[in-house]
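# Structural characterization, general
Chain residues, written in single-letter form:
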Amino acid sequence: MSMRQIMVFRFYLCALFWLSLPIVLAATAAWQPPSQPKTAVIAHRGASGHAPEHTLSSYRLAALMNADYIEVDVRATKDGKLVALHDATLARTTNVETVYPHRSPWRVSDFSLRELKKLDAGSWFDPRFAGERVPTLDEVVRMLKAERVNVPLYVETKQPGIERAVARLLQKHGVLQRGSVMFQSFHPESLQALRPLIPRGVPLIQLVGEKEARSGRDELLQQIAVYADGIGLPLSAVTEEWVRAAHGRGLMVHVYTVNEPHDLARLCAMGVDGLFTDYPDRPGRIAACRRPAID
């Protein structure tokens, strides 16, 4: 090849590069790496780090902090009313020992709703919340609707046998639908009882304790995948292997209870699907927790 031919070849090669450059740049700008679904922030018992757990104040605050879900633990009173309470007894979060000193051990199931409504459920947390009452599930739903709070509920059935009553109440308020509610329980029989009562697409999450999570992972996931859509793991038991194994079974992974920033960042980066926190305002500060969801 002569020198003249080499020069002509170089000229055309350079011209081709500059002509194609805008197309390449446009394609590069248009391409984005695939986004990952964000990690759902679940307000643990409401915004329980800022207000007394399972009170209307706690739920309101969780909504203001833009939680993705508000957790509501549900129990039944002596007269069969559904109330928002975590503990099986009333001693820790109310003044029941003062109001009813002779009714130890103060089990929720030993009191009527009328009796519960006489208790102060806020002062134990801070005097500013004096006069807060134990709310019914009905009151929680009515308050959120009245105040136009569109945050889905994350309902935990704390005892088997209340599933039909819970489903019926949520159905009455138009909440028993995909995108408006999710259920969890430590009791497999409770989730199995819920399945025929709820619409397709409403998730069921099987909670497990630390001891259970540390034994027989694959067998446990196989059993859960038969009737549930996800698993709730304690913070102390979560590993990348756990997350991969659960996702491999098509199960979501939700983690409880996560309050420290370093744990929040680690779990969000790990790809967990949701985390319970007493401080729903904290994960919003961590970019990994707020990645845009896939359309």
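Parameters at a glance
Residues numbered from 1 in each chain as written. Predicted model: local features only at pLDDT ≥ 70, side-chain atom pairs only at ≥ 80, totals over all residues. Heavy atoms only, no water. Helix = DSSP H or I, 4+ residues; strand = E, 2+ residues; numbered from the N terminus. Buried < 20%, exposed > 50% of the residue type's maximum accessible area, 1.4 Å probe, protein only. Contact = heavy atoms within 4.5 Å. Phe/Tyr/Trp six-rings, centres within 6.5 Å; stacked < 30°, edge-to-face > 60°. Lys NZ or Arg CZ within 6 Å of the ring centre and 35° of its normal. Core = buried A, V, L, I, M, F, W, Y, C linked by side-chain atoms within 4.5 Å. pLDDT = per-residue confidence, 0-100.

### Re the side chain of Lys 158
Here Lys 158 shows up in the loop between β4 (153-157) and α6 (163-172). Its relative accessible area of 14% is what places Lys 158 among the buried residues. With residues up to four places along the chain from it excluded, the contact list for Lys 158 reads Asp 73, Val 74, Arg 75, Leu 85, His 86 and His 187.

### Structural notes on the packing of aromatic side chains
Note on aromatic pairs: each is described by the distance of the centres and the angle between the planes. Under the counting rule described, the total for this entry stands at 6 aromatic pairs. Where Trp 124 meets Phe 125, the ring centres are 5.6 Å apart and the plane angle is 80 degrees; that geometry is what we call edge-to-face. With a centroid separation of 5.8 Å and 75 degrees between ring planes, the pair formed by Phe 125 and Phe 129 is classed as edge-to-face. Phe 129 sits in the buried class, given a relative accessible area of 12%. Clustering of aromatic rings is evident, with ring pairs tying together Tyr 69, Tyr 154 and Phe 276. The ring of Tyr 100 carries the charged tip of Arg 103 above its face, separated from the ring centre by 5.2 Å.

### What about the nonpolar core?
Core analysis: the biggest nonpolar cluster contains 63 residues, and Leu 153, Leu 170, Phe 183 and Ile 231 have the highest contact counts within it. Here this core takes 5 residues from helix α5 (residues 137-146), the largest share from any one element. In contact with Leu 170, other than residues within four places in its own chain, are Leu 137, Val 141, Leu 153, Val 155, Val 175, Leu 176, Val 181 and Phe 183. By size, the runner-up hydrophobic cluster in this structure holds 13 residues, among which are Val 83, Phe 111, Leu 116 and Ala 121.

### Let's talk about the confidence of the model for the protein chain
Residues with a pLDDT of 70 or more make up 85% of the protein chain, whose mean pLDDT is 89. Every residue in residues 5-9 scores below 50 in pLDDT, and together they form 1 contact with partners more than four places removed in sequence or on other chains. Across residues 11-36 the pLDDT falls below 50, and counting only partners more than four positions away or on other chains, this stretch makes 6 contacts in the model.

### Re unusual backbone geometry
A cis amide bond, omega 10 degrees, links Ser 104 with the succeeding residue Pro 105. Take Pro 105: it is sitting in the loop between α3 (96-99) and α4 (113-116). Residue Thr 257 is reached from Tyr 256 by a cis peptide bond, and omega for that bond is -20 degrees. Its location among the elements puts Thr 257 in the loop between β8 (252-256) and α11 (261-270). Of note, the phi angle at Trp 106 is positive, near 60 degrees, even though the residue is not glycine. Of note, Arg 148 is a non-glycine position whose phi angle comes to about 55 degrees, a positive value. Mapped onto the elements of the fold, Arg 148 is located in the loop between α5 and β4.

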